[in-house]
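Breakdown of the fold
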Amino acid sequence: MKRTHTVAILGHGVVGRGVCDLITNNQRELVHYLGCEVKIAHILDLRDFPDSPYGELVTHLFDDILLDESVETVIEAMGGSHPAYEYTQAALSAGKNVITSNKEVVANFGDKLVRLAAENGVSYRFEAAVGGGIPVIAPMLSSIRQNRILEVRGILNGTTNYILTKMFTYGDSFESALSDAQALGYAEKNPDADILGTDSARKIAILTALALDMLPSVDEIHTEGITGIRASDVRFAESIGHRIKLLGRCISNGGKPVVCVAPFLIPCESPLASVNGVYNAVEIVAEPLGNVMFYGQGAGAGATASAIVGDMIPIVTGGGYNPIVPGFNRAEHFIRAEFSTFSSRFYIAADERHRDELTVLLEAEPYSEEGGEVVYITKEMTEKEMDALTERFEGELLSKIRFI
Ligand code: HSE
């Protein structure tokens, strides 16, 4: 029996350290499942870690890893597109497997990298890139692949869900909830990627590739974050038995997929409404399966490390999934176009001076009026129709949030 699987880890931040801890502390479990020990040969980081138990393994030179023939798998936990992409290319080309938690690289370059891995007879795996510790990529590639997927929708960003939950439960301000999330290690280095929805867009792009066999460009996905959500929106949602959640959605729409990221009003009885804190969930609607939901901790050291090390199992035992390749064809220039046909009801809040005009335009009586604001719940309409109706209020509506 092969006795050791040797890995190198790129990055010694929250995730990289979590992987070191898991490999060190769960060696017995790894031996049991993999049939061999796992050895960490190198850790690449710009910094030194004299006080870390892994400090001796740190190198500042990627070549120490690339040229070490004993390294079979490179774990990329650096974040950011560059140089993570170039290091991944080099490792795959050198015949090393790569496991990553880096959704930015998978969403931007996944089409090239899965092909490069296949050409070199190695694996490129990214379970940790979506939903942190939740196993969702593997089931989408295996146990539910025989279904026709109608929709994938998910709470894909722990930081924003943590913020929305704190605003809802404790009435916290946006800023104080964000700094808590940063202190807990959930947020990206630059939290704009979380709060503006980009991180969720990267993740729904990856899920779209798996669900519909086409990888959209992230900048083609209609993306709204949570920076415009007001405490009064959260209270309004509660008053009508709803929650506000930032969702990534990929709807097959009869072959004309709609992919978007935006805050949605979700009825309390929907399972997604009760996903709180840093937890993520991915709900898949498929034919003939029906609805399934995957739920778990979407960020943080232990959860992400679990998904990364889990990706080692098929590599070491040889039971790998390879149908990733056809799904990662780049799809250009249609996702944004189809969003104009997306249809929903809207919650609209505006200054009361717009009352008369909005009542006519929206063909709806105000739902409520309070504190100088007027609130509407519209009939179902397309994005195109809503844009045409509210064009003249550009920048003046206080809130415009869709119902799921
Ligand atoms: N910043 C991300 C989040 C980390 O909050 O979900 C996990 O991808």
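Residues numbered from 1 in each chain as written. Predicted model: local features only at pLDDT ≥ 70, side-chain atom pairs only at ≥ 80, totals over all residues. Heavy atoms only, no water.

1. Some points on the overall build of the protein
What the protein contains, in helices and strands, is 17 helices and 20 strands. In terms of overall size, the protein behaves like a compact globule, its C-alpha atoms giving a radius of gyration of 23 Å where 404 residues would be expected to give roughly 22 Å. Once the C-alpha set of the protein is aligned to its principal axes, its extents read approximately 75 × 45 × 35 Å. By the burial criterion, 56% of the 404 residues in the protein qualify as buried. In the protein, the share of contacts with a sequence separation of at least 24, taken over all contacts with a separation of at least 6, comes to 71%. For the protein, the exposed surface amounts to about 17000 Å²; the carbon and sulfur share of it is 50%. Across the protein, 34 positive and 54 negative side-chain charges occur, with their mean positions spaced 4 Å apart. (Helix = DSSP H or I, 4+ residues; strand = E, 2+ residues; numbered from the N terminus. Rg over C-alpha atoms; globule rule 2.2 N^0.38 Å. Buried < 20%, exposed > 50% of the residue type's maximum accessible area, 1.4 Å probe, protein only. Contact = heavy atoms within 4.5 Å. Areas by Shrake-Rupley, 256 points an atom, 1.4 Å probe, with all protein chains shown as cover. Lys, Arg positive; Asp, Glu negative; His and termini not counted. Charge placed at Lys NZ, Arg CZ, Asp CG, Glu CD.)

2. Considering the pattern of salt bridges
Under the counting rule described, the total for this entry stands at 23 salt bridges. A salt bridge links Lys166 to Asp180; the nearest nitrogen and oxygen atoms lie 2.7 Å apart. Here Asp180 lies in helix H8 (residues 174-183) and Lys166 lies in helix H7 (residues 158-170), a separation of 14 residues in the sequence. On the basis of relative accessibility, which here comes to 15%, the residue Lys166 falls in the buried class. Judged by its relative accessible area of 28%, Asp180 is partly exposed. In the salt-bridge network here, residues are joined through shared partners; they are Lys103, Glu188, Asp199 and Lys203. (Salt bridge = Lys/Arg side-chain N within 4 Å of Asp/Glu carboxyl O.)

3. Comments concerning the state of the cysteines
Evaluation of the coordinates by the stated rule reveals 0 disulfides. Between Cys36, a free cysteine, and Cys20, which holds the nearest cysteine sulfur, the sulfur-to-sulfur gap is 17 Å. (Disulfide = S-S within 2.5 Å.)

4. Here we look at empty space enclosed by the protein
Evaluated as defined, the whole model comprises 2 cavities of 30 Å³ or more. By volume, the largest cavity is sized at about 80 Å³. Around the largest cavity, the lining residues are Leu164, Thr165, Phe168, Val234, Ala237, Arg243, Ile244, Lys245 and Asn276. Among the elements of the structure, H7, helix H11 (231-239) and strand S10 (242-251) are those that each provide at least two residues to the lining of the largest cavity. Looking at the lining of the largest cavity, its residues break down into 5 nonpolar, 2 polar and 2 charged. (1 Å grid on protein atoms, 1.4 Å probe; cavity = no way out; pocket = protein on both sides within 12 Å on 5 of 7 lines; lining within 4 Å. Points joined across faces, edges and corners; volume = space filled by probe spheres on them. Nonpolar A, V, L, I, M, F, W, Y, C, P; charged D, E, K, R; others polar.)

5. Describing the site of the ligand
With respect to spatial proximity, the complete set of residues near the ligand consists of Lys103, Asn157, Gly158, Thr159, Tyr186, Ala187, Glu188, Asp194, Asp199, Lys203, Gly298 and Ala299. Lys103 is positioned such that a nitrogen or oxygen atom in its side chain is 2.6 Å from an oxygen atom of the ligand. A distance of 2.7 Å is found between a nitrogen atom of the ligand and a side-chain nitrogen or oxygen belonging to Asp194. For the ligand, whose free accessible area comes to 250 Å², the fraction covered by protein is 91%. For the shell around the ligand, the secondary structure elements donating two or more residues are H7 and helix H10 (198-212). (Near = heavy atom within 4 Å. Polar contact = N/O pair within 3.5 Å; in protein donor to acceptor, adjacent residues only side chain to side chain.)

6. What about the domain arrangement of the protein?
Annotation of the protein at the domain level lists domain 1 (5-135 + 304-328), domain 2 (137-295 + 332-339) and domain 3 (343-403). Taking only C-alpha atoms into account, the centre of domain 1 sits 48 Å from that of domain 3. (Domains from an automatic or database assignment.)

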